[in-house]
Amino acid sequence: EINFDWLNALPKVELHLHLEGSLEPELMFTLAKRNNVKIPFTSVEQIKEAYQFNNLQDFLDIYYQGADVLVVEQDFYDLTWAYLLKCQQQNVLHVEPFFDPQTHTARGIDFSTIIDGINRALVDGREKLGISSELILCFLRHLSEDDAFITLQQAIPHLDKIKAVGLDSSEKGHPPEKFSRVFAKARELGLLTVAHAGEEGPAEYIWTALNDLKVSRVDHGVSAIFDKALMEYLIAAQMPLTICPLSNTKLKVFADMSEHTILQMLELGVCVTVNSDDPAYFGGYMTENFVVLRDSLAMTKAQAKRLVSNSIKGSFTSLEYKNTMQ
Ligand code: HPA
Ligand code: ZN
């Protein structure tokens, strides 16, 4: 279809993607078999049926379970490589994916096994596919500050492979400021910071992500629309928000795509961007997320281009490289 073609051909940048959330059912079966890991599904159809969520926690429960099939370095390579091949098909030129080390270290997998597999694929992505990347380590906010500190310590020998730290998992009841000291230590180590805030949680969590964690971008941030002063700040600071349309409707942050506020925010001057979050679970990669904005919100070509331009502005690559992408 013509419009899919145009949106697919549009050179894009992805700033909010969980590698564990790009694990497609087919690869899940392959890895389960290869590693002798039991999964509670017998067919791809059964998996797709299970992917119906009423909220973030419903999704997280099944997402962490899916990650159990990732065991050896090659698994993390294969996961990352499959995502990069999708990026190539959809003209995604630059990516800044998240990974959740605690999901795996909690099962006895070494931090280095995880990051070495991911990094090897990202290096191949640059060399063989021409896709540039920056990696972001996410802390699981439902776990303790101590656990996050241990994870940051494990990352220290690998700082050359990590650009930033982030914060994901169950938002409500786990405000950003729970991790103020961990993020301060990460910044001391030279890392940038981002955080999921204002997905299911209140606008207040966006304020504390900005003020206490000193984030360079806000992941999701859709709750900002309920706080006038925050909206004014985000516009004045041109703080990037990494919005994930399909994720937001699958997790019922918005009841329907027609109610999504991304284009309203764009027209108000907020630096909003389009991203896929967990494409294997939410039914689409970058192109599909742009397509639903066109189909449900009548996004214009000019708006699509501004959304990509915001992603380039908000990315963590060098200014020099940003200029080549514009
Ligand atoms: N929100 C919080 N944690 C997550 C998400 C999300 O959308 N995806 C993967 N982990
Ligand atoms: Zn996310």
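These figures come from a predicted structure and were not determined experimentally.

## Overview of the sheet that holds strand 1 (residues 12–14)
And step 1. If you walk across this open sheet you meet the three strands as 1-2-4, and the pairing is parallel. The sheet is open, and its two borders are formed by strand 1 and strand 4 (132–133), each paired with just one other strand.
And step 2. Alignment of strand 2 (residues 92–95) against strand 4, held across two bridges, turns out to be parallel. Note that in strand 4 the partner of His94 across the bridge is Ser132.

## A closer look at the pairing of strand 5 (residues 136–140)
And step 1. Within strand 5, five of the five residues are buried, which leaves it mostly tucked inside the rest of the structure.
And step 2. Burial of strand 5 is two-sided: the residues Ile136, Cys138 and Leu140 facing one way and the residues Leu137 and Phe139 facing the other way are all buried.
And step 3. Sheet analysis places strand 3 (residues 98–99) next to strand 5, joined by two bridges and oriented parallel. Following the sheet pairing, Phe98 is matched in strand 5 by Ile136.
And step 4. Direction of pairing for strand 5 relative to strand 6 (residues 164–168): parallel, over a ladder of five bridges.

## A closer look at the sheet that holds strand 3
And step 1. Taking strand neighbours across the sheet as the criterion, the seven strands line up as 3-5-6-7-8-9-10 in an open arrangement whose pairing is parallel. Unpaired on one side and paired on the other, strand 3 and strand 10 (272–274) mark the two borders of the sheet.
And step 2. Note: strand 8 (residues 217–220) against strand 9 (residues 241–243), two bridges, orientation parallel. The residue of strand 9 that forms the bridge with Asp219 is Thr242.
And step 3. In this fold helix 16 (residues 301–314) packs onto strand 8 and strand 10, with an angle of close to 105° to the strand it touches most, strand 10.

## Things to note about the pairing of strand 2
And step 1. With three bridges connecting them, strand 1 and strand 2 associate as parallel partners. Opposite Val13, over in strand 2, you have His94 as the bridge partner.

## As for the UniProt feature "active site" (unreviewed entry) in the chain
And step 1. Per the UniProt record, "active site" (unreviewed entry) is found at Glu199.
And step 2. Mapped onto the elements, Glu199 comes out in the loop between strand 7 (192–197) and helix 10 (203–211).
And step 3. Judged by the 24 C-beta atoms lying within 10 Å of it, Glu199 falls in the buried class.
And step 4. Once you skip the residues sitting within four places of it in the chain, Glu199 turns out to touch Leu56, Glu171, His220, Val222 and Val253.

Criteria and cut-off values
Residues numbered from 1 in each chain as written. Chains lettered and ligands numbered in written order. Predicted model: local features only at pLDDT ≥ 70, side-chain atom pairs only at ≥ 80, totals over all residues. Pairing = 2+ DSSP bridges. Helix = DSSP H or I, 4+ residues; strand = E, 2+ residues; numbered from the N terminus. Buried ≥ 20, exposed ≤ 12 C-beta atoms within 10 Å, placed from the backbone. Contact = placed C-beta atoms within 7 Å. Axes fitted to C-alpha atoms, helices over the stretch in contact; angles between N-to-C directions. UniProt positions renumbered as here; feature names shortened; annotations may be inferred.

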